[in-house]
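# Per-entry structural report
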Amino acid sequence: MTKAVIALTRHPWPTQAQAPEPDGPRVLVLAPLSLEARAVRAGAPWAHVERIGMGPHRARRAASLTRRGPGGAVVIAGFCGALDPDLEPGDIVLASELRGPTGTTACPDPAILAGHLRRGGFNVRVGPVASTQRLVVRERRRALQRTGALAVDMESAWLAPDARAQPLVTLRVVLDTHRHELHRPLRTMAGAARAYRALRGASALVEGWAGALGEREVVLAAPRASCAGVVRAVEIVERVLAERGAPVYVRKQIVHNAHVVSELERQGAVFVEEVDDVPEGATVIFSAHGVSPAVRAHARARGLDVVDATCPLVAKVHAEARRFAEAGHEIVLIGHEGHEEVQGTVGEAPERTRIISSVEEVARLAPADPERVAYLTQTTLAVDETAGVVDALRRRFPALAGPSSDDICYATQNRQDAVRALAAECELVLVVGSENSSNSQRLVEVSERAGCPARLVGHAGDIEPNWLAGVTRVGLTAGASAPEALVGDVVEALDGLGAVTISQRTVAEEDVHFKLPPRLRREH
């Protein structure tokens, strides 16, 4: 296996004869062979390239170069051999740790670079990389594969220790696999061409990632992440799985978060669109967003064993819809048409409910009796925007009836208040949540209305480096359907770009807990 090493820093390199312009990234490329040096130069003409020779001995000598850019970053890059059988020539491996003969070096989280490369069209894997003193083939290769390492090279583990004080990324492009090993040149020629092109393309993308390097403060919002209703819904699915075994069917996503859904699928949950997709007599769980009476009736007719995970605050809105309908009111539901929560609420009184989402729509309402109009709201809306619509309704219908308490849930309001606090002191706010999460989308909007740019990310890999260029203070929160673990992942990924200091802005303390359905409560 041949290797190339890229050491990147934003500070001048004392050994460079031709340094780049002061305001650009400083990149030193250490390439063992001319082929690799040529690939890097073609993709990254802004970089300075030097050949160091191949193998552990030369890597040890070159390691001292990584110490000459204080506060910068080191990227070890080049070709590697695949250990994982799913890897193909041209695939990219980013190291989570480097395993050498004398020990293991943990690497900073490379999630942001991984996402950047994937958006560039590359197949990228993140995991352990092993470094050996000689070429590994046949049984020695299979033995390394059994350790769980994704790939093998001959330099990284010797280069990494001297770079521990700086951001470190190890980027390796697969050259050969267990099916086409390097000692069989004719079988690896096509793979070598793919690996060369991948190294050239990845080198070009490194410049964008380099623009995000630097130390920064991360300000955490509090409260953030999963609310009591979400915690309850997820626990319901987990308990039903534990008690009844897989499969357990769930109508729609239990909560609007792809990570949560994926994890429950791994445990044996099967998510379906409608109750017709559930085998007769099987167990079905209704999601936290609630369902209409028609869905409940259909589930009974099919003999399904129903477990209801509807959030109690959503159930409250359903009860209010029934009360207003029985009293003869026409109901104006403020919410987003098509959202599952809104569909369930409308189903309580479909002939008496009209959905609106803006002040402009108030003027177009034409109730049969303006004296008997009531309003309800979706629980996950933006508080400030909803207040404007309610005010417009009150001006139009002075006798307007409403819920006894605010329908917008405590968690939604608290998270929006926390985001406003972040927006006042940060240059960028990152909101962790899925695209179909209404409460997460509203957090982005709240920040932007407060004057601070905001981005929604499903996970750390969604962060685009250009968002962070020049940003030294980042606000971080998560929607009420996103688990706290995803927030930790984002912090780790940002720390991979440079040292991170963490502070927190707390606007409220939450101690709300919703009981499980009686049939699932355990005796203690």
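These lines cover the structure that appears in this document, whether it is placed above or below. Quick caveat, the model's predicted, so the values are computed rather than measured. (Residues numbered from 1 in each chain as written. Predicted model: local features only at pLDDT ≥ 70, side-chain atom pairs only at ≥ 80, totals over all residues. Heavy atoms only, no water.)

Each helix and strand in the chain was counted, giving 16 helices and 21 strands. Projected onto the principal axes, the alpha-carbon positions of the chain cover approximately 85 × 55 × 45 Å. For the chain, buried positions account for 56% of its 524 residues. Of the roughly 21,800 Å² of accessible surface on the chain, a fraction of 50% belongs to carbon and sulfur atoms. (Helix = DSSP H or I, 4+ residues; strand = E, 2+ residues; numbered from the N terminus. Buried < 20%, exposed > 50% of the residue type's maximum accessible area, 1.4 Å probe, protein only. Areas by Shrake-Rupley, 256 points an atom, 1.4 Å probe, with all protein chains shown as cover.)

Glancing now at the pairing of strand E12 (residues 269–272). Inspection of the sheet shows strand E11 (residues 248–251) paired to E12 by four bridges, in the parallel sense. Bridging across to E12, Val 250 finds its partner in Phe 271. Handedness of the crossover is the feature at issue here: the chain leaves E11, passes through helix H8 (residues 258–267), returns alongside E12, and the resulting connection is right-handed. (Pairing = 2+ DSSP bridges. Right-handed = clockwise from strand over helix to strand, strands pointing away.)

We now examine the sheet that holds E12. In spatial order, the strands read E12-E11-E13-E14; together these four strands make up an open sheet with parallel pairing. Because the sheet does not close on itself, it has two edges, and the strands there are E12 and strand E14 (305–308). Across this sheet, the average inter-strand angle for adjacent strands is 30°, counted without regard to direction. Sitting on the sheet, helix H7 (residues 228–244) is in contact with E11, E12, strand E13 (283–286) and E14, with an inclination near 145° to E14. (Axes fitted to C-alpha atoms, helices over the stretch in contact; angles between N-to-C directions. Contact = heavy atoms within 4.5 Å.)

Attention shifts here to the packing of H7 against H8. In the contact formed by H7 and H8, the axes pass within 11 Å of each other and the chain directions differ by 10°. Classed by the angle they form, the pair H7 and H8 counts as roughly parallel. Contact with H7, carried on its side by Val 234, Val 237, Glu 238 and Leu 241, involves Val 260, Leu 264 and Gln 267 of H8 and no other residues of that element. (Parallel < 35°, antiparallel > 145°, perpendicular 65-115°, else oblique.)

Within the secondary structure layout, His 329 lies in the loop between helix H10 (312–326) and strand E15 (330–334). Exposure remark for His 329: the relative accessible area of 12% places this residue in the buried category. Once residues within four sequence positions are removed from consideration, His 329 is found in contact with Phe 324, Arg 352, Arg 372, Val 373, Ala 374 and Ala 401.

One can find Gln 343 in helix H11 (residues 340–346). Judged by its relative accessible area of 42%, Gln 343 falls in the partly exposed class. Not counting the four nearest positions on each side in its chain, Gln 343 is found in contact with Ser 292 and Gly 338.

This part covers H10. The periodicity of an α-helix, 3.6 residues per turn, causes residues three or four places apart in sequence to face the same way. Along its 15 residues, H10 runs 21 Å from first to last C-alpha, staying within 8% of the 21 Å computed at 1.5 Å per residue. Every buried residue of H10 is accounted for by Val 314, Val 317, His 318, Glu 320, Ala 321, Phe 324 and Ala 325. The buried side chains of H10 occupy one side of the element, clustering within an arc of 160° when seen end-on. Contacts from the buried residues of H10 go to E15, H11 and strand E17 (373–377). Looking one or two places after H10, you find Gly 328, whose phi comes out positive at around 85°. (Expected span 1.5 Å × (residues − 1). Arc of directions from axis to C-beta.)

Now for the environment of Val 261. Looking at the element boundaries, Val 261 is found in helix H8. Each C-alpha atom, one on Val 261 and one on Val 234, is 9.2 Å from the other, the two residues being 27 residues apart in sequence. Sequence-distant contacts of Val 261, that is, excluding residues within four places in its chain, are made with Gln 253, Val 255 and Phe 271.

Pairing analysis gives four bridges linking strand E5 (residues 92–100) to strand E6 (residues 103–106), with the strands arranged antiparallel. When the sheet's bridge partners are listed, Glu 97 is paired in E6 with Ala 106. Counting the residues between successive antiparallel strands, the hairpin from E5 to E6 contains two residues.

Another aspect to go through is the sheet that holds strand E21 (residues 500–506). An order of E19-E18-E20-E10-E21 is seen for the five strands of this open sheet, with the pairing classed as parallel. Every other strand in the sheet has two partners, leaving strand E19 (454–457) and E21 as the edge strands with one partner each. Neighbour-to-neighbour, the strand axes of the sheet open up by a mean angle of 25°, direction not taken into account. Where strand E10 (residues 216–222) meets strand E20 (residues 473–478), four bridges bridge the pair, whose relative direction is parallel. By the bridge assignment for E20, Val 218 is matched with Val 474. The strands touched by helix H14 (residues 438–449) within the sheet are strand E18 (428–432), E19 and E20, with E19 carrying the most contacts at an inclination of about 165°.

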